[in-house]
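What the coordinates show
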Amino acid sequence: MMSTERSSKVDAGTSRNDAGRTYLGWRHRVLIPPPGPAPRRPAPEDAHGLSEEWIAGQRDSEALTNRPLYYALGGLALLALLFPLLWSTRVLPGPLALGGVFACAAIAAPVAFALVQSRQVMARRLARAEERIGAERAERERLLRERQHDHARKYTEWRAACRAYEAQPHWYGVTVPSDTSAVVVVGGTDSGWSALLTTVGISRLREGGDLTVVDLTGRGVTRELVRLARRCAVGPRHWVLPADLPRMTLGTDLDAGQRARILSAVAAASGRDEDSDADETLLLRLLEVLGPDVGIDRLIGGLRALVTPAEDMAEDDPALALLGPRERERVRERCADVPDARGRAWRLEQRLSPFEAVGTRAEDGTYAQVKIISTDRASGPGAARVYGTYAVAALSELLEARTPSRGSTATASRKRRERTRTVVVCGAETLPEEEVDQVLSAAEDGGVEVVLMFREAVPLALRHLDGPSRLPVLMRQSGPEEGVERLAALVARASGGRGVDMAAHGLTEAVGGAVGETAAEGEDGGSEGEPDDEPLFPSPHTESGALIRNAAAAIAPLDLVRHVRSATVWGRATAKAAEADTPNPERGAAGADAGGTAPDTASLRSLAPTTALVLTPDGPVSADTNPGILTLATATLATAEDHRNPGVGRDVVPMGAEAGVSPESPRVRRSGGLGRGTVPAGGGTPTDTSGDGVVLEEARGPMTVPADDGLDPSQVPPNLGPPPERLDWRV
């Protein structure tokens, strides 16, 4: 799709047809083949005329043919002269001499006539030759004019093909299908996950959508996402567990049944998977006595009351001191019929004690567009499993609380065109299997997109790869051989026996080598020369002076491209390696569709850090999750299917030269195809009823500027259309 002057004057939002797209990366395709060399201009043929040599030859031939007649005519002339001479000398009488003269004249007359006729025939022959040469010349000129007109038409078509070839995007967006409820990512390095998270974050920041990230890796893979959000003047709300448990109110404002299920799941994840139903029953009875809004510290006091004998007042116990004597008595009476209540209370107290301070120093509960819950690397994998279980279980309960009733029209169709809420779980292999199933079920019913990221091909990940509403995504593998072999078999089955092109583009290799693992450094150590991502006293303004807010309706497309280039290491590395963004003629016009190799374990283990194999229903698609590709002049947010079917995603248009390519670049400018968008009515931000705003509330009635495609272009005044984007004085 070619760039025009109007393509650079796009609106700050997104199109309704394009709203809710979640991008996983970009695929390199050269859909329009090279036009080849320019057609050669037809050259005129050599002019052919009557040459002097040919005319001389014809005259010589005539002279040679008429020579006997000339001799005869000369002889008759001499004889005619001889007869008078003989009469004058009285050799012949006068009548005989006169008769001889008349006889010679009679004989010479036909000969002379033949010579004159021969001369006329030669003249007519030369004239006919001139006419034939002239007709041939005119025919040649006519054919030359026709060839020149045909050449002009072909050259015009070639120029148009050249412009289309030079103006076409090379990087097309790879999106999550609208009927997909969960994306299951298996494999990947820290830098690859950082790139994928930032790309997903671009999808949500672009349209003002909601993003929640649960990072259980302890590796700071959300570092670039945090930087991008702050540069976009959207302040992410970040909790690092266990240090930030007092500031987090997630799961504290639910009803008694939901809180009991969350805490019983945490207790089951802390130790052996014992009778969690009995634990849930015990906790539910405690909440009935103490109240559904009771803090976990008082709930632990209730468990301590079950462990402590009734006659023991335990005045020096701070946990029991939170409960009055009457409350202790009621707790013991309500839980008296629970089997092994004392031993169960003892185990629950031990396993829930790390969460005693949850919500005790909660901050302002206003809505936040980007939420990040991560675990401290120093806590270890066991703590990550416990804290991750708490966060994911609470999210599941929040999603279920917002699920519409089955009779509602909201669930009448599984296909969700406008998905604006995404939950990402990094390191899902550390979670219990039941919690993974629970969050997938709750998200599917509530219309929320879930991205599960597994480091290795564990059985839990392999089980969730198949499903009608699942989208498998494979990145670089590093796990056991058995799991990688199953993934290779899955790729082979998805490709239908055809080869899969896993060769990385030159830009992918260049950026991956330049970035390395710096994109996922610990959050306490930024790259050299850059300030810490989360300083002790963060500034309320961006570097350009914009006020950082908790949420934004949408990010202007050109601003988003500029922020990705300046704020993320991916944008800076891509800008330096932009020269590697050249089409490879050997890959053909269709790119990887032209062929490939059979997938095997070695190829899956040697994938580039940012390369992802997206197993779509149409076959595997090799995508680059590098978010910096959005800043290239040859990138677009339109998909390859949109390009092949102009009626699909018609509002996704490429941006022009303002995308950030240097003016010296001879190539046609274009960048992410960001179209018109939806903004909340009234310009307000959604309110949060969950305290922390972990899940975005349903957006208020969106206002969309309709695109009138039924107008005749010849009847539309030239000044109609969207106004040009306002220049940003902050730059």
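A brief look at the structure comes next. (Residues numbered from 1 in each chain as written. Predicted model: local features only at pLDDT ≥ 70, side-chain atom pairs only at ≥ 80, totals over all residues. Heavy atoms only, no water.)

1. With respect to the pairing of strand β6 (residues 370-375)
The test is simple: Buried means the residue's accessible area, taken with a 1.4 Å probe over protein chains only, is under 20% of the maximum for its type, while exposed means over 50%, and partly exposed covers the values in between. Numbering goes from the N terminus for both helices and strands, where a helix is a DSSP run of H or I of at least four residues and a strand is a run of E of at least two. One bridge is not enough; two strands pair if DSSP finds at least two bridges between them.
For β6, the tally of buried residues reaches six of six residues, placing the bulk of the element in the interior. Residues V370, I372 and S374 of β6 are buried on one face, and the alternating residues K371, I373 and T375, pointing to the opposite face, are buried as well. As paired elements, strand β5 (residues 237-241) and β6 share five bridges and run parallel to each other. Each residue of the ladder has a partner; that of L241, found in β6, is T375.

2. Some thoughts on unusual backbone geometry
A cis geometry characterises the amide bond from L241 onward to P242, with omega recorded as 10 degrees. With phi around 65 degrees, A233 is a residue other than glycine that occupies positive phi space. Here A233 lies in the loop between α4 (223-231) and β5. Since its relative accessible area comes to 7%, A233 is described here as buried. We note that D340 has phi near 50 degrees; this positive angle belongs to a residue other than glycine.

3. Details of the pattern of salt bridges
Counted only if it meets this: We define a salt bridge as a contact between a side-chain nitrogen of Lys or Arg and a carboxyl oxygen of Asp or Glu at a distance within 4 Å.
The tally for this structure, following the rule as stated, stands at 28 salt bridges. In this structure, the salt-bridge partner of D190 is R455, at a minimum N-O distance of 2.7 Å. Here R455 lies in the loop between β8 (449-454) and α13 (459-463) and D190 lies in helix α3 (residues 190-207), a separation of 265 residues in the sequence. Exposure remark for D190: the relative accessible area of 9% places this residue in the buried category. Salt-bridge contacts for D244 lead to R247; the nearest nitrogen and oxygen are separated by 3.1 Å. Because the salt bridges share partners, they merge into one network encompassing D150, R153, K154 and E157.

4. Some remarks on the environment of L92
This is how it is decided: Here, residues are in contact when the closest pair of their heavy atoms is within 4.5 Å.
Structurally, L92 is set in the loop between α1 (52-88) and α2 (94-167). We classify L92 as buried; its relative accessible area is 19%. Dropping the residues within four chain positions of it, L92 is found in contact with F83, L86 and W87.

5. Concerning helix α6 (residues 276-290)
Each α-helix winds once per 3.6 residues, and so residues spaced three or four apart point in a common direction. Going by this rule: Between the first and last residue of a helix there are one fewer steps than residues, each counted as 1.5 Å, and that sum is the expected span.
Taking 1.5 Å of rise per residue, 15 residues should cover 21 Å, and α6 covers 21 Å from first to last C-alpha, within 8% of that figure. Taken together, the buried positions of α6 are occupied by A278, D279, L282, L283, R285, L286, L287, V289 and L290. Those residues of α6 hidden inside the fold are in contact with α5 (256-270), α7 (296-307), α9 (325-334) and α10 (341-352).

6. A look at the packing of α3 against α4
As a reminder of what qualifies: Lines fitted to the C-alpha atoms define the axes, with helices restricted to the stretch that makes contact. Angles between their N-to-C directions range from 0 to 180 degrees. Here is the rule for angles: anything less than 35 degrees is roughly parallel, anything more than 145 is roughly antiparallel, 65 through 115 is roughly perpendicular, and the remaining ranges are oblique. By convention, the crossing between two helices is left-handed when the near helix turns anticlockwise from the far helix through less than a right angle, and right-handed when the turn is clockwise.
Running from N to C, α3 and α4 point in directions that differ by 30 degrees, and their axes come no closer than 8 Å. Judged by the angle between their axes, α3 and α4 are roughly parallel. In this structure, α3 crosses over α4, and the sense of that crossing is right-handed. Contacts between α3 and α4 involve S194, L197, T198, G201, I202 and L205 on the former and, on the latter, E224, L225, L228 and A229.

7. Some remarks on the packing of aromatic side chains
Defined as follows: Note on aromatic pairs: the rings of Phe, Tyr and Trp (six-membered ring only in Trp) are paired at centre separations within 6.5 Å, and the planes decide the class, stacked below 30 degrees, edge-to-face beyond 60, tilted for the rest. Whether a charge sits over a ring comes down to the Lys NZ or Arg CZ being within 6 Å of the ring centre and within 35 degrees of the ring normal.
All chains considered together, the criterion is met by three aromatic pairs. Arranged with centres 5.4 Å apart and planes meeting at 65 degrees, the rings of F355 and Y387 form a pair that is edge-to-face. Placement of F355 in the loop between α10 and β6 and of Y387 in helix α11 (residues 380-401) is noted, with a sequence separation of 32 residues between them. The pair formed by F355 and Y387 is uniform in burial state, with each residue classed as buried. Taken together, the aromatic side chains of F355, Y387 and Y390 make up a single cluster linked through ring pairs. Over the face of the ring belonging to W193 we find R455, whose NZ or CZ atom lies 4.0 Å from the ring centre.

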